[in-house]
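Descriptive structure summary
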Amino acid sequence: MRYLDEQGHRRSVRYRGAGLVVLFAAVALSFASVMPARADDGVAGSEPAATDSPAVTPAPTASPAPAPAPTPAPSPAPTASPSPAPPGDVAPREPLALSSPANDTLFPSSTVTLSGTKDAAGRVEVQSITGGIPYCVIPDSQTWNCTFSAPTGRYTMTVFQYFAGDAGAPEQKQVTIRVLPAPTISGTSPIVTTGLIGGTGFPGSGIVLTGAEVGDCPGIVQPNGFWSCPLAVSASGDYTINAQQTWNDVDTQPGGASRQITVRVDKDPPAVPVFSEPTSGAQPGSQPIPFAGSGENGGRVEVFVDGTLVCTSSVAGGRWGCAAPVGGGQHTVQAIQWDAAGNPSGATAGFAIVVSGASTPAVPPPAPAPPTPPGAGPPETADPAPVPATAPPPPQVSARPSTVAPAFPLFPPPVGGVSGLPPLDTWGTPTDYGAAIPTVGSTGSGVAWLWGLALGGGFILLVAMPLRLVLTALRGRFPRHYFARDHSRLTASEVQLLRPRLTLAGAIGAAAALAALAGGIQGEVRYLRLALAIGVALLLLNGISVALATRLATKALGGATRLRLVPLFLTIAALSALVSRGGGIQPPVIIGVVIAASFVVEIDRRSRGMIAATQLLVTLALGVGAWLAHSALGPVEGFLPSLTSEIISSLCIAAIGSGVMLALPVSRMPGRLIFEWSPVAWVAVALVTATLAGVIVAGGATFPVPWLVGLSLAFAAVCLALWAWIRLIEPSFEPRRAVVADRRI
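Residues numbered from 1 in each chain as written. Predicted model: local features only at pLDDT ≥ 70, side-chain atom pairs only at ≥ 80, totals over all residues. Heavy atoms only, no water.

**Looking at the sheet that holds strand β3 (residues 97-100)**
In any sheet, the strands associate via hydrogen bonds between backbone groups, in a parallel or an antiparallel arrangement. The line we're drawing: The pairing criterion is simple: DSSP has to find at least two bridges between the two strands. The numbering of helices and of strands both runs from the N terminus, where a helix is a DSSP run of H or I of at least 4 residues and a strand a run of E of at least 2. Here, axes are lines fitted to C-alpha atoms. For helices the fit covers the stretch in contact, and angles between N-to-C directions go from 0 to 180 degrees.
The sheet built from 3 strands is open, its strands ordered β3-β5-β8 with antiparallel pairing. Strand pairing shows two members of the sheet lacking a second neighbour, β3 and β8 (143-149), which therefore form its edges. When strand polarity is set aside, the average angle formed by the axes of neighbouring strands in this sheet is 30°. Relative to β8, strand β5 (residues 111-117) runs antiparallel, the two being bridged by 7 bridges. Across the sheet, residue Thr 117 finds its bridge partner in β8, namely Thr 143.

**Brief notes about the side chain of Arg 468**
Using the following cut-off: Burial status follows relative accessibility: with a 1.4 Å probe on protein chains alone, a residue under 20% of its type maximum counts as buried, one over 50% as exposed, and anything between as partly exposed. For this count, His and the chain ends are skipped, Lys and Arg are scored as positive, and Asp and Glu as negative. The salt bridge criterion pairs a side-chain nitrogen of Lys or Arg with a carboxyl oxygen of Asp or Glu, the two atoms within 4 Å. By definition, residues are in contact when any of their heavy atoms lie within 4.5 Å.
Take Arg 468: it is sitting in helix α2 (residues 446-475). Glu 676 provides the closest opposite charge to the buried, unpaired Arg 468, separated from it by 5.1 Å. Those residues in contact with Arg 468, other than ones at most four positions away along the chain, are Pro 665, Val 666, Arg 672 and Phe 675.

**Brief notes about helix α5 (residues 567-583)**
Rules: Multiplying 1.5 Å by the helix residue count minus one yields the expected span of that helix.
Across its 17 residues, α5 extends 24 Å between first and last C-alpha, which sits within 8% of the 24 Å expected from 1.5 Å per residue. Within the sequence span of α5, burial applies to Pro 567, Phe 569, Leu 570, Thr 571, Ala 573, Ala 574, Ser 576, Ala 577, Ser 580 and Arg 581. A positive phi of about 65° marks Gly 584, the residue just after α5.

**A look at the pattern of salt bridges**
Following the criterion strictly, the structure yields 9 salt bridges and no others. With its nearest N and O atoms 3.4 Å apart, the salt bridge here joins Arg 178 to Asp 104. Here Arg 178, found in strand β10 (residues 171-179), pairs with Asp 104, found in the loop between β3 and β4 (105-107); they are 74 residues apart in sequence, far enough to count as distant. Linking Arg 672 and Glu 676 is a salt bridge whose minimum nitrogen-to-oxygen distance equals 2.8 Å. One end of the pair, Arg 672, and the other, Glu 676, are both in helix α8 (residues 670-677), 4 residues apart, so they sit about a helical turn from each other. Residue Glu 676 is classed as partly exposed on the basis of its relative accessible area, which comes to 24%.

**Observations regarding the confidence of the model for the protein**
It should be kept in mind that the predicted coordinates are not to be read in detail where pLDDT is low. Quick reminder of the rule: Confidence of the predictor in every single residue is expressed as pLDDT, which spans 0 to 100.
Per-residue confidence for the protein gives a mean pLDDT of 76; residues scoring 70 or more make up 72%. Confidence, read as mean pLDDT per element, is least for strand β1 (residues 2-4) in the protein (44) and greatest for strand β24 (residues 319-324) (94). Per-residue pLDDT stays below 50 along residues 358-410; that stretch engages in 92 contacts with residues further than four places along the chain or on separate chains. The model gives residues 480-498 a pLDDT under 50, and that stretch makes 56 contacts with residues more than four places away or in other chains.

**Side note on the packing of helix α3 (residues 503-519) against α5**
Rule in force here: Note on terminology: angles under 35 degrees are roughly parallel, angles over 145 are roughly antiparallel, angles of 65 to 115 are roughly perpendicular, and the others are oblique. Two helices that cross are described as forming a left-handed crossing if the nearer one is turned anticlockwise from the farther one by less than a right angle, and a right-handed crossing if clockwise. In this count, Pro and Cys sit with the nonpolar residues alongside Ala, Val, Leu, Ile, Met, Phe, Trp and Tyr, while Asp, Glu, Lys and Arg are called charged and the others, Gly among them, polar.
α5 packs onto α3 with a crossing angle of 15° between their chain directions and a minimal axis gap of 7 Å. In terms of orientation, α3 and α5 fall into the roughly parallel class. Here α3 runs over α5; the crossing is left-handed. Between α3, through Ala 507, Ala 510, Ala 511, Leu 514, Leu 517, Ala 518 and Gly 519, and α5, the contact on the second element is made entirely by Leu 570, Ala 573, Ala 574, Ala 577, Ser 580 and Arg 581. Its residues placed into classes, the contact of α3 with α5 shows 10 nonpolar, 2 polar and 1 charged.

**Side note on the state of the cysteines**
Operational definition: Disulfides are defined as cysteine sulfur pairs within 2.5 Å.
As enumerated under the stated definition, the model contains 2 disulfides in all. The disulfide partner of Cys 311 is Cys 322, and the S-S distance across this bridge is 2.1 Å. Residue Cys 311 is found in strand β23 (residues 308-314), and its partner Cys 322 is found in strand β24; the two are separated by 11 residues along the sequence.

**A word on the packing of helix α7 (residues 639-662) against helix α9 (residues 679-696)**
Helix packing for two helices is described by the angle between their axes and how far apart those axes are. Running from N to C, α7 and α9 point in directions that differ by 140°, and their axes come no closer than 9 Å. Taken as axis vectors, α7 and α9 run oblique relative to one another. Relative to α9, the crossing made by α7 is left-handed. Contacts between α7 and α9 involve Cys 652, Ile 656, Gly 659 and Val 660 on the former and, on the latter, Thr 689, Leu 692, Ala 693 and Ile 696. Here the residues of the contact of α7 with α9 are counted per class, giving 6 nonpolar, 2 polar and no charged.

And the structure:
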């Protein structure tokens, strides 16, 4: 930053304190963000699905990562690199050649074969993906061939040729391969379902189901390794299907296909169960009361007494039965049947029984009610209908893909987690940045806004006013300090010369990096997209809420302003990012405003307050508008939709967080100008700002509101104690000091 002194000379001011804080926060956040995401060797290619081909040497499973170049294991024999033909009668050595496969070949199974030619005296070693024991060691021959089993993913394979007696580096060849075996389909043939099919595969791959009359049913394997797809069939029956993976969901790059499997689609609800005991009007006298009857084989019957689930029984051989204690008196009994596919029947007609005795049974907890099955009619009597329990999900036979928790000793894992994809293939993978922002629909009740209003009042009473009191009390003690000078008013000879292209770009870039690190990052290209999105959002925020809003307001009210970089804003941004990352706060607290407007020409207090209020209200309008857009957009997939979502969410939390900071009635903040103009107007603006922050930012389910309230109370207590000491207690010591000084004289 540079300014002109009273003689017109350029002077340079270096904000060392702010720079050190920003640098420290960036280093700490970077260290936390680049911690290894897995505790294993970091080799790409984890796949939960079992392979369908035999393997020569099983390869260890590892997580997707960029194609590594493993370090060759030391050979027991001395090695040599290819060299020109030796002198004399020694024949020239044949170079190592890798003829198959072609670079970036896609293998549709876990079995990989590499082949080529070599010198007859050479020894070829095909290095393991993990850098361990070689897959193959081929001695004396002029051709070589190596078949091994590789996990799913993209890898760079390295082949070495060694010669006995040579001490130089071995000759090597490399080739990139992709391995994409068949996905799995959960269940055992025949799979009984209402029409939904699922399984496991390689994250990010496309899934295509093929088979007679099942329709076009594409799907994508999610980051957790699972996929699901509804069959486009209109009637119940048996269907034969198989599933095939495609690399990165590109149909022209097919991987392995599973074997055909029979799917038994059952869309028809079962008949209501039949009671054989007790019968209508029965008077059982012993406990527990037995319930029995007939139903559909493979189904499940739930018995309700007075609308409460009391027991459950499976149906075998067409019969079912269970028992439960029931209190004395008259009760209504009903039942519901679920078939093997998960279709519920209607409730049976209720019938009454009278239980003698006054025993108090242990009533099981009530079960949640599932939606009423289609076509189920009302009970035939006026007795209350039971509340059926939720149908259990279909059993999952295949195991969930194994994952290793990220290792972050000082900081929580990044919000986006580990995608499970190769790092360069994550351009379209969401980062979940801003996913913790509550939607507009979730705040529709008055409770959320009342809670936000309470937080807004707490901000004014516990943070803003105590901070103003203590800074006002301290101002006279630092005549040459920051508090002694009004930075919002500059004379023409003190105007800072802001270079918009260099200085502003650097400041916004630093703020964007801090904002990205606040949520945590991984070594994946999707976080470059996130940094770009945050940079665009902060550019919009500074350009509209500071530059454009103050320019238009100043032009309307008179006066002149100039833009200046505020290192204090970057310092606060660094501290808030560090606290958000260390505390795992989601959504993170972001300070996105890095510039401010200074008044070159002196104008009245009212005009300055109105200009500051305009800037603050425009900042809030940007945040609220981005919040509405974020709620309307919802979850997205793909590069452009993810970029748009991240721009909107970044603009939302950056505008709201910056608004809270700017509303403080101290120092160079617009809140001070509003407070000096009208304390009532400041209370209104600050209350609206903090209420919106309480709903949009602190309204997330994971936001540490109790910690926020506790720290605010502690902050207010410290500020008030310091103010009381300076204003009330310390002045009482001044006469004593004067008396002591007179005595010394």
